[in-house]
Amino acid sequence: MKRIVTIQDISCIGRCSLTAALPILSVCGIETAVVPTAVLSGHTAFPDFTFRDLTDDILPIAEVWRSQNITFDSIYTGYIGSERQIEIVSDFIDMFRTDKTLVVVDPAMADNGVLYKGFPDAFVSKMKTLCQKADIILPNMTEACLLLGRPYRETASESEVRKILHGLVEETHADAAVLTGVSREAGHLGAASLCKDGSYDYCSGIWYPERFHGTGDMFASVITGALVRGLSLHDALALAVDFTAECARLTLEDPDRRWYGVNFEQALPMLMRRLDP
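Each value, and the rule that gives it
As a convention, each chain's residues are numbered from 1 in the sequence order in which they are written. Per-residue local features of the predicted model are confined to residues with pLDDT of at least 70, and side-chain atom pairs are confined, for both listing and counting, to 80 or more; whole-chain, interface and lining totals are unaffected and use all residues. Only hydrogens and water are set aside; all other atoms, that is, all heavy atoms of the structure, feed into the side-chain values. Here a pair means two rings of Phe, Tyr or Trp (six-membered ring of Trp) with centres within 6.5 Å. Their orientation is stacked below 30 degrees between planes, edge-to-face above 60, and tilted elsewhere. Per the convention used, a helix needs a DSSP run of H or I reaching at least four residues, while a strand needs a run of E reaching at least two, with both numbered from the N terminus. Accessible area is worked out with a 1.4 Å probe on protein chains only. A residue is then buried under 20% of its type maximum, exposed over 50%, and partly exposed in between. Think of it this way: DSSP has to see at least two bridges between two strands before they count as a pair. When the strands point away from the viewer, a crossover counts as right-handed if the route from the first strand across the helix to the second turns clockwise. Between N or O atoms, a polar contact is any pair within 3.5 Å; within protein, one atom must be a potential hydrogen donor and the other a potential acceptor, and residues adjacent in sequence are included only when both atoms are from side chains. Whether two residues touch is decided by their heavy atoms; if any such pair falls within 4.5 Å, the residues are in contact. Fitted lines through C-alpha atoms give the axes, limited to the stretch in contact for helices. The angle between two N-to-C directions lies from 0 to 180 degrees.

## Side note on the packing of aromatic side chains
Then comes step 1: The tally for this structure, following the rule as stated, stands at 12 aromatic pairs.
Then comes step 2: With a centroid separation of 5.4 Å and 70° between ring planes, the pair formed by Phe72 and Phe96 is classed as edge-to-face. With Phe72 in the loop between α2 (55–67) and β4 (74–77) and Phe96 in helix α3 (residues 83–96), the pair connects residues that are 24 residues apart, well separated along the chain. For the pair formed by Phe72 and Phe96, the shared burial category is buried.
Then comes step 3: Taken together, the aromatic side chains of Trp65, Phe72, Phe92 and Phe96 make up a single cluster linked through ring pairs.

As structure tokens, this is what we get:
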């Protein structure tokens, strides 16, 4: 069985980060180890939340694992809470990476044109250095523009999307960049990818005109799990887009839906069927 380690926070309520990544990757049939970067009562969209910094626990966990010869087929990073944590996570990658390890970085730091609460502007340059260690990076439009020092635009033409992806691959030297939140036609939303060999791809699903929290974490978890399972980037991209759209659809159909996240749990059977038809 393949094994992934995912490094990100635990939001105890909110359907995001580790509380979403762990079940999604498990449904992908992959053993999933976790390194929590912080414990929050709820994600940062809540009006108030507690935050327990776990920075000092990351390297001790890594040292014990290294002494026990633990290895990983993939290292997947999500929300990282500070510049110091980025440096430690970078060291973690150096400790466990082999020539067969897929490193996926979701630079979860911003959305809708602004950085998340508590992140200084200097955080962006630190995150860029972490992206330079990745095989695949998964920014949204805001994060991509920050990484490239470009002005943020809510929408972008296909030529602009291609320029952004080329810039990301050139700046980070990643094997591939995947840009989320891309739309080429009315009523649809998806993601575009570019590999360093120049191959470009785009997949879309139905767009639901409502803001959902945590969908980026779910997209990143599905695409990582699918790639580790051996799917091509195109098939992983299509699956992640379809899963995210299905999560949104199921949420909108639920009269008791929560404002703080999507009903990804109800979409897990679809994910399982697609991976093991």
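## A word on the pairing of strand β1 (residues 3–13)
Then comes step 1: Bridging between β1 and strand β2 (residues 31–42) involves nine bridges; their strand directions are parallel. Bridge pairing in β2 places Val5 opposite Ala33.
Then comes step 2: Note that the unit made of β1, helix α1 (residues 17–27) and β2 has a crossover that is right-handed.
Then comes step 3: Relative to β4, β1 is paired through four bridges, and the arrangement is parallel. Of the residues in β4, the one forming a bridge with Ile4 is Ser74.

## So, helix α5 (residues 141–148)
Then comes step 1: Most of α5 sits out of view: six of its eight residues are buried.
Then comes step 2: For α5, the complete set of buried residues consists of Met141, Thr142, Glu143, Ala144, Cys145 and Leu147.
Then comes step 3: For α5, the side-chain oxygen to backbone nitrogen distance between the N-cap and Thr142 is 3.1 Å, and the N-cap itself is Asn140.
Then comes step 4: One or two residues past the end of α5 sits Gly149, with phi positive at roughly 70°.

## Section: the sheet that holds β1
Then comes step 1: Pairing within the open sheet is mixed, and its nine strands lie in the order β3-β2-β1-β4-β5-β8-β9-β10-β11. Looking along the sheet, the strands with just one partner apiece sit at the ends: β3 (51–53) and β11 (200–206).
Then comes step 2: In this fold α3 packs onto β1, β2, β3, β4 and β5 (102–105), with an angle of close to 170° to the strand it touches most, β4.
Then comes step 3: Of the strands in this sheet, β1, β4, β5, β8 (136–137), β9 (176–182) and β10 (188–195) are in contact with helix α7 (residues 215–228), which crosses β4 at around 170°.

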